[in-house]
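Examining the three-dimensional arrangement
Here is what each chain is made of, one letter per residue.
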Amino acid sequence: MKLLGQHIENDRSGYVRLTPEQPEDMWHLYNLILKGDQLTASTMRGLKKESSTGSVISSRVWLTLTISIEDVFFDIQACSLHINGRNIVESKHVGIGQYHTLDLEMNQPFTLKKAEWDPISLQRVKDACDITRQADVAAVTMQEGLAVMCLMTQYMTVVRQRIEVPIPRKRRGSTTNYEKGVQRFYEQIYRAIKQHVDFSVVKVVILGSPGFVRDQFFDYMMAEAVRVNDRQIIENKPKFLRVHTSSGHKGALEEVMRDPQIKARLADTKSAQEAKAIDNFYQMLNNDPDRAFYGYDDVQKAAENGAIGTLMITDALFRSADISTRKKYIKLIEDSQATNAEVLIFSSLHVTGERLSQLTGVAAILNFPLVIDSDGECSTDESDNK
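Residues numbered from 1 in each chain as written. Predicted model: local features only at pLDDT ≥ 70, side-chain atom pairs only at ≥ 80, totals over all residues. Heavy atoms only, no water.

1. Quick notes on the overall build of the chain
Condition: Runs of E in the DSSP output that reach at least two residues are strands. Runs of H or I that reach at least four are helices, and both are numbered from the N terminus. For each residue, the accessible area found with a 1.4 Å probe, counting protein chains only, is set against the maximum for its type, and the residue is called buried under 20%, exposed over 50%, and partly exposed in between. The Shrake-Rupley method, run with a 1.4 Å probe, gives the accessible areas here. Residue values count only the displayed protein chains as cover.
A count of helices and strands for the chain gives 13 helices and 18 strands. Each of the 386 residues in the chain was classed as buried or not, and the buried ones make up 44%. For the chain, the accessible area works out to roughly 20600 Å², and carbon and sulfur atoms hold 46% of it.

As C-alpha cells, then:
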C-alpha cells in the first residue's frame, strides 16, 4: 500500500489518500472501510440518452464520485472490493442521493474520509504501508561476488539491497587477495542483514546459494557475531535456513518456494505467533481455567484487574456497523496495552482466526488466576485464601 497523503484533525476526523498495490492490500482496506465513511474514487458510470429519433443510446464515462458508504463487499477469490453508497457531491452525471457502487482496483488511488479515525485503523494504515512490518520472511541469495537481500510477504518480494563485490581469482601459491575479497563480500552481507532484517517481525531468514557459499557465509556470520558479541544474531541463529539455489540472483527464490520442504517450513509464518497463542490458550483452559478467559464480559473484567498477559481478538469485531461495539473493543485493547499485555489481532480469514471466532472472537491468557463469582465480581486466589 502506498500512502499518498493524510490529514487527521485533533478530534480524529480526517482523511487518508491511498493506492493499493498488492492483493493483500485489499484485505487491509476491507478492515478499514466501514459503513458511514466517505470514499472518493474514479469510476465508470453507464449512461443512457434518448436521441431525437427516439432511440436510446448507451455509453460509459469515467468520473470521480464521493459516496457515503452503506455496504462493503469483499470478494475473497478475486481479492477485490465493491463499495456501495449514495453520492454526496454534485456531479454532471450522478445526482446527489443516487446510489453507485465503486470498485476498488489495484494501483487506483482513492481518498477515505472518516468522522473518527480510531487507533486500530491508523495502525492498520501504518502497517499496510510499511513493508518492514509486513515481511515475515527475509532472504539472501548469493554466489561468489553477488548477493541480493530481499524481504518477502505472502504476495510479494521486495529487493532491499543488491551487493556486488569483485573477488580476485585464486593464484597458484597465494590466495591472499581472494580471501580478502571474500571477506569484504561477507562483511557487506552481514551489514545488509543487520540493516534490513527486523528480527522482532521476521520469523525465517533464508540463505540460498549454489555450492557451499551459503554455509561458508553462515560460519563467518556466526563467528563474527561471537567475536563482537552481537546478541541479536546469536539469539536468532535458529531463524536462519540454508537452502540450495542455482544462482545468487533474485529469480532463484522461485526454486526455493517450489520446494515442498521449504513450503512446509515457511507456511503461515505470518500467523505462527497467533497459532502458538491460541494453542497455549486451549492448554491453559484445560490445565488452569481460571487463567483462560473468553467472551467480552469476562475478558473486560480481567483487563480491569490488570490480569491480562496475552489478549487475542479477531479483526471481524472491528468491522461492526455499530460504532459503540467497535469502540468498546478498541478500549479493551487500550486497557490491556496499558498494563503491558501482548495484543494479537487475528485475521478472520485464517484458520486461527476461525478457531478464535468459536470463542466469541476475543480471549485472554491471564498472568494470574481470577475467579468470577455469581454476582460478576472478580477475586484472585490469594484474596480467596485470606
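2. Focus on the nonpolar core
For clarity, the threshold we go by: By nonpolar core is meant a set of buried Ala, Val, Leu, Ile, Met, Phe, Trp, Tyr and Cys residues that side-chain atoms within 4.5 Å join together. Pairs of residues are marked as contacts when any of their non-hydrogen atoms sit within 4.5 Å.
If you look at the biggest cluster of nonpolar residues, it comprises 31 residues, and the most contacted ones within it are Ile-189 and Ile-193. Here this core gets eight residues from one element, more than from any other, and that element is helix α4 (residues 176–196). Residues in contact with Ile-189, not counting those within four places in the same chain, are Val-140, Met-142, Ala-147, Ile-163 and Phe-217. Core analysis: the second largest hydrophobic core is formed by 25 residues, Ile-69, Leu-102, Phe-110 and Ala-128 among them.

3. A short note on helix α2 (residues 119–129)
What counts here: This arc is taken over the directions from the axis of the helix to the C-beta atoms. Definition of a polar contact: a pair of N or O atoms within 3.5 Å, with one able to donate and the other able to accept a hydrogen when the atoms are protein atoms, and with sequence-neighbouring residues admitted only if both atoms are side-chain atoms.
Taken together, the buried positions of α2 are occupied by Ile-120, Ser-121, Arg-124, Val-125 and Ala-128. Take α2 and look down its axis: the buried residues cluster within an arc of 140 degrees, on one side only. By the N-cap criterion, in which a side-chain oxygen at the helix start approaches the backbone nitrogen of a residue two or three places on, α2 is capped by Asp-118, the distance to Ile-120 being 3.0 Å.

4. Describing the packing of α4 against helix α5 (residues 213–227)
For the record, the criterion: To get an axis, fit a line to the C-alpha atoms, keeping to the stretch in contact for a helix; angles then go from 0 to 180 degrees between the N-to-C directions. Roughly parallel here means an angle under 35 degrees, roughly antiparallel means over 145, roughly perpendicular means 65 to 115, and every remaining angle is called oblique.
One way to put it is that α4 packs onto α5 with a least axis distance of 10 Å and a crossing angle of 70 degrees. The orientation of α4 relative to α5 falls into the category roughly perpendicular. On α5, the residues touching Gln-183, Tyr-186, Glu-187, Ile-189, Tyr-190 and Ile-193 of α4 are Val-213, Gln-216, Phe-217, Tyr-220, Met-221, Glu-224 and Ala-225.

5. Brief notes about the environment of Ile-163
You can see Ile-163 is positioned in strand β10 (residues 157–164). With relative accessibility at 2%, the residue Ile-163 sits in the buried group. Placed 25 residues apart in sequence, Ile-163 and Gln-188 show a C-alpha to C-alpha distance of 7.2 Å. Each residue touching Ile-163, except ones within four places of it in the same chain, is listed here: Gly-145, Leu-146, Ala-147, Phe-185, Gln-188, Ile-189 and Ala-192.

6. Brief notes about the sheet that holds β10
The test is simple: By the convention used here, strands pair only if DSSP detects at least 2 bridges between them.
One open sheet holds the five strands; their spatial order is β10-β9-β8-β11-β12, and the pairing between them is mixed. Two strands bound the open sheet, and with one partner strand each, they are β10 and β12 (240–244). Across the sheet, the mean angle from the axis of one strand to that of its neighbour is 20 degrees, orientation sign disregarded. Across seven bridges, the pairing between strand β9 (residues 146–152) and β10 is antiparallel. By the bridge assignment, Leu-146 is partnered in β10 with Glu-164. Here α4 sits on the sheet and contacts β8 (137–143), β9, β10, β11 (204–209) and β12; the angle it forms with β10, its principal contact strand, is near 150 degrees. Its contacts with the sheet put α5 on β8, β11 and β12, and the angle it makes with β12 is roughly 160 degrees.

7. Brief notes about the pattern of salt bridges
What counts here: Whenever a carboxyl oxygen of Asp or Glu lies within 4 Å of a side-chain nitrogen of Lys or Arg, that contact is scored as a salt bridge.
In total, this model carries 14 salt bridges according to the counting rule given. Of the charged contacts, one joins Arg-124 and Asp-315 as a salt bridge, the two residues approaching to 4.0 Å between their closest N and O atoms. Of this pair, Arg-124 sits in helix α2 while Asp-315 sits in the loop between β14 (308–314) and α11 (323–338), placing them 191 residues apart in sequence. Each member of the pair, Arg-124 as well as Asp-315, carries the same accessibility label: buried. For Asp-215, the salt bridge is made with Arg-242, and the minimal N-O distance between the two is 3.3 Å. Linking Asp-215 in helix α5 with Arg-242 in strand β12, this pair joins segments that are 27 residues apart in sequence. Accessibility expressed as a relative area gives 37% for Arg-242, which makes it partly exposed.

By themselves, these figures tell us nothing about what the structure is for.
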